Amino acid sequence: MAVYGAALGLALIFAGAACFYPEKRLFQAAGRRVILHERRILAFLAFLPLFLVSALRNQVGGDYIGYERIFRNVSEGVDIYAEPGFWLLNRLVLVYSDNIQWVYAISAAVTLALLFWGIFRDSPNPVLSLFLLAAMGYFFSSFNILRQFIAAAILFAGFRLLLARKFLPYLALVLLAMTFHKTAVVMLPFYFLLNLRLKQSYQIALAVCGLCLFPFRERLTALLVNVFYPQYANTNLIQPLSLLECVYYLAVFGGLVLLSNLYRERFFTSRTNTFLYNAMYYTFLMYLCLSFVPEINRVALYTELLVLLHIPRLLLAEEDRRVRRLYTAVLVFGFTGYCVISLAVLGRWNVLPYVSIFS
């Protein structure tokens, strides 16, 4: 765990330093105008520790064997169950090397670069967003579900297209994400949903109607498994959420929905904040109404990742700095505890002990 703590600590230090520099700075050197991108340099230095930990891991992550099988099948020309984008990634690596480590390194580079780009571009507090990326488990999940995290990172970085209601570019982005994981198709209807401002009464009514799906849980489960995970049909390889997971997701996203409404006068002051609130509301709705569906957390991942932007913006709705610092301290303490317990006690994400390719 020390490796993860050290990498995150370095990332947060460089990210904090980056916040004190402008996007670019002009100065004269040897009679020439030079543009220095100090913020970008420091952001890259923040990216580097987490990237190296992910790229250099060896047999760390629950799906490691599965990705080795995909790589081997691609090299042998055997038909595989993988989206074309990920197949192409494996094929390109095989042109230059027969070492699967390059697949992990490129996947980590693409995923983290897109997440860092979105965070430094849109978060009012990149340090907190990066902390949440690790403490809420998304960084560790990316060790296990490479394909889906590439797809989710693509949509996270491109959410401005959805916000700006540019349908064709957004459609192209979703199609690109689907070449890595077909569950990205769930984000198409959100083009119409995330920009709407629903009244509270409508939100409550929608949640009540959603709970009515429970009697049809077996049919819904079969439908979703056959559409997204046909290779796992009639197996026990995918499971519904545990009770602890349900409580966690409902507490976190239900709490964010509640707090956003408590601070509604100061929070709902921009289309971006309304958009992010809607993402949290629909994430909460999915966990409330579809928690019985196996792997629902993977379907919800696309809207859920926007929590990295929502929480820092919600904190700004509190005018009193002392109260804001208290909220931040509670968040840091709470999610640190969640992360440590998940890693060390519950063994989630299968990332301990950390082993590098040099071990």
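Residues numbered from 1 in each chain as written. Predicted model: local features only at pLDDT ≥ 70, side-chain atom pairs only at ≥ 80, totals over all residues. Heavy atoms only, no water.

A.B. asks: Any chance you could explain the pattern of salt bridges here in plain terms?
C.D. replies: Pairs may arise between side chains of opposite charge once their charged atoms sit close together. Evaluation of the coordinates by the stated rule reveals 6 salt bridges. Between Asp 122 and Arg 121 there is a salt bridge, with its nearest N and O atoms 2.6 Å apart. In this structure, Asp 320 and Arg 322 form a salt bridge, with 3.7 Å as the shortest nitrogen-oxygen distance. Note on Asp 320: relative accessible area 28%, which makes it partly exposed. Its relative accessible area of 65% is what places Arg 322 among the exposed residues. (Salt bridge = Lys/Arg side-chain N within 4 Å of Asp/Glu carboxyl O. Buried < 20%, exposed > 50% of the residue type's maximum accessible area, 1.4 Å probe, protein only.)

A.B. asks: Mind showing me how you'd approach the environment of Leu 306 here?
C.D. replies: On the secondary structure map, Leu 306 appears in the loop between α18 (301–304) and α19 (307–315). Looking at Leu 306, the relative accessible area reads 3%, which means it is buried. Excluding residues that lie within four positions of it along the chain, Leu 306 makes contacts with Phe 156, Phe 159, Phe 275, Leu 276, Ala 279 and Met 280. (Helix = DSSP H or I, 4+ residues; strand = E, 2+ residues; numbered from the N terminus. Contact = heavy atoms within 4.5 Å.)

A.B. asks: Hey, could you run me through the side chain of Arg 39 in this one?
C.D. replies: Within the secondary structure, Arg 39 sits in helix α2 (residues 38–55). Relative accessible area serves as the criterion here: at 15%, Arg 39 is assigned to the buried category. A polar atom in the side chain of Arg 39 sits 3.4 Å from the backbone oxygen of Ala 18. (Polar contact = N/O pair within 3.5 Å; in protein donor to acceptor, adjacent residues only side chain to side chain.)

A.B. asks: Would you mind showing me how to read helix α4 (residues 84–96) here?
C.D. replies: Residues spaced three or four apart along an α-helix point in a common direction, a consequence of the helix completing one turn every 3.6 residues. Between its first and last C-alpha, α4 extends 19 Å over 13 residues, near the 18 Å set by a 1.5 Å rise per residue. Inspection of α4 places Gly 85, Phe 86, Leu 89, Asn 90, Val 93 and Leu 94 among the buried residues, and these make up the whole buried set. Looking at the buried positions of α4, the neighbouring elements they touch are α3 (64–76), α5 (101–122) and α8 (146–157). (Expected span 1.5 Å × (residues − 1).)

A.B. asks: What exactly am I supposed to notice about helix α6 (residues 126–135) here?
C.D. replies: The element α6 is largely enclosed, with a buried count of 9 among its 10 residues. Residues Pro 126, Leu 128, Ser 129, Leu 130, Phe 131, Leu 132, Leu 133, Ala 134 and Ala 135 constitute the buried set of α6. Looking at the buried residues of α6, the elements they touch are α1 (2–18), α2, α5, α7 (138–141), α19 and α20 (321–345). Where α6 terminates, the next one or two residues include Gly 137, which has phi positive at roughly 95 degrees.

A.B. asks: For this particular structure, what's the right way to read unusual backbone geometry?
C.D. replies: Peptide bonds are trans in most cases, and residues, glycine excluded, mostly fall at negative phi. For the peptide bond that leads from Leu 352 to Pro 353, omega is -5 degrees, which places it in the cis range. In this structure, Gln 59 takes a positive phi of about 55 degrees despite not being glycine. Examined against the element boundaries, Gln 59 turns out to sit in the loop between α2 and α3. Phi angles above zero are rare outside glycine, and Asn 350 is one such case at about 55 degrees. Looking at the secondary structure, you find Asn 350 in the segment after α20. Exposure remark for Asn 350: the relative accessible area of 47% places this residue in the partly exposed category.

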